[in-house]
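Observations on the model geometry
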Amino acid sequence: MEQTYFVSPREFAVSAATAAGSAAIAVICIILGRYLSALVFAVITLVFLKMTLDAGARLSVGQTGITRRLFGKITHQISWEELSEVGIAGSKVFNKGNPAKTGTVYIYFSKDPMDDQERFNMMLKWPPKDKLYLSYNKSRLDFVKTVSGKEITGYNIGKLKV
């Protein structure tokens, strides 16, 4: 039993559309002879293309562990035995004490156990380079719970039930 997910479908769609639009504007600027403007839009295209690749990667969650693929090639793989922590965390860490304002919520997979300060730092510097993650939705979390058998840690998740 294995499920495959985009890391962040919404971010993938928005960043891909922005990259495509910026690339089109860059081409139009070249045609019009506006080379400085074309350069600016080309840089914007490259930035959003990087975001598209990060958000468009596929995470396969199965009985043996988690695999991250980009263009079908495995870029990162972690077994359930290697994981110390599976959790969900909200990205809006400065929510002024309002638990309803969690920001975007992610499911993350960490090889190292973390305390609240490390989780705070992870969310402050999101996205993490050394962890696998996906955007949260209830069905994804339920499947992860089912196949991992691990306790889910919550951080800055407001009224969400783990």
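See the structure printed just above.
Below or above, wherever it landed, is the structure these notes cover. (Residues numbered from 1 in each chain as written. Predicted model: local features only at pLDDT ≥ 70, side-chain atom pairs only at ≥ 80, totals over all residues. Heavy atoms only, no water.)

A few points about the pattern of salt bridges
One pass over the full model with this rule turns up six salt bridges. Glu 82 is the partner of Lys 111 in a salt bridge, and the nearest nitrogen-oxygen pair spans 3.6 Å. Placement of Lys 111 in the loop between β6 (105–110) and α3 (116–124) and of Glu 82 in the loop between β4 (73–79) and β5 (85–90) is noted, with a sequence separation of 29 residues between them. Put simply, Arg 119 and Asp 116 hold a salt bridge, and the shortest N to O gap is 2.9 Å. In this pair, Arg 119 and Asp 116 are both assigned in helix α3, three residues apart and thus about one turn of the helix distant. The exposure class of Arg 119 is buried, given its relative accessible area of 8%. Through salt bridges with shared partners, a single ionic network connects Glu 85, Asp 116 and Arg 119. (Salt bridge = Lys/Arg side-chain N within 4 Å of Asp/Glu carboxyl O. Helix = DSSP H or I, 4+ residues; strand = E, 2+ residues; numbered from the N terminus. Buried < 20%, exposed > 50% of the residue type's maximum accessible area, 1.4 Å probe, protein only.)

Section: the sheet that holds β5
With mixed pairing, the four strands of this open sheet are ordered in space as β7-β6-β5-β8. Looking along the sheet, the strands with just one partner apiece sit at the ends: β7 (132–135) and β8 (152–155). Between one strand axis and the next, the sheet turns through 25 degrees on average, direction left out of account. Here β6 runs beside β7; their pairing, made up of four bridges, is antiparallel. Residue pairing across strands places Tyr 108 opposite Tyr 133, the latter belonging to β7. Against the sheet, α3 engages β5, β6 and β8, with an angle of about 70 degrees to β8. (Pairing = 2+ DSSP bridges. Axes fitted to C-alpha atoms, helices over the stretch in contact; angles between N-to-C directions. Contact = heavy atoms within 4.5 Å.)

Details of the side chain of Ser 148
Following the sequence through the fold, Ser 148 ends up in helix α4 (residues 138–148). Within the structure, Ser 148 has its side chain in polar contact with the backbone oxygen of Val 144 (distance 2.8 Å). Within polar-contact distance, the side chain of Ser 148 engages the backbone nitrogen of Lys 150 at 3.1 Å. (Polar contact = N/O pair within 3.5 Å; in protein donor to acceptor, adjacent residues only side chain to side chain.)

A short note on the sheet that holds strand β3 (residues 65–70)
Strand order in this open sheet of four strands is β1-β2-β3-β4, and the pairing throughout is antiparallel. Each edge of the open sheet carries a strand with a single partner, namely β1 (2–6) and β4. Geometrically, the sheet is characterised by an average inter-axis angle of 20 degrees between neighbouring strands, direction not taken into account. When β3 meets β4, the two strands line up antiparallel, connected through six bridges. Bridge assignment links Ile 66 to a residue of β4, and that residue is Ile 78.

Some points on the nonpolar core
Ranked by internal contacts, the top residues of the largest apolar core, which has 33 residues, are Trp 80, Phe 109 and Met 123. Among the elements of the structure, β2 (58–62), β5, β6, α3, β7, α4 and β8 are those that each provide at least two residues to this core. It is β6 that provides the largest number of residues to this core, a total of five residues. When neighbours within four sequence positions are excluded, Trp 80 is seen to be in contact with Val 61, Gly 62, Gln 63, Thr 64, Gly 65, Ile 66, Val 86, Phe 109, Val 144, Val 147, Ser 148 and Lys 150. (Core = buried A, V, L, I, M, F, W, Y, C linked by side-chain atoms within 4.5 Å.)

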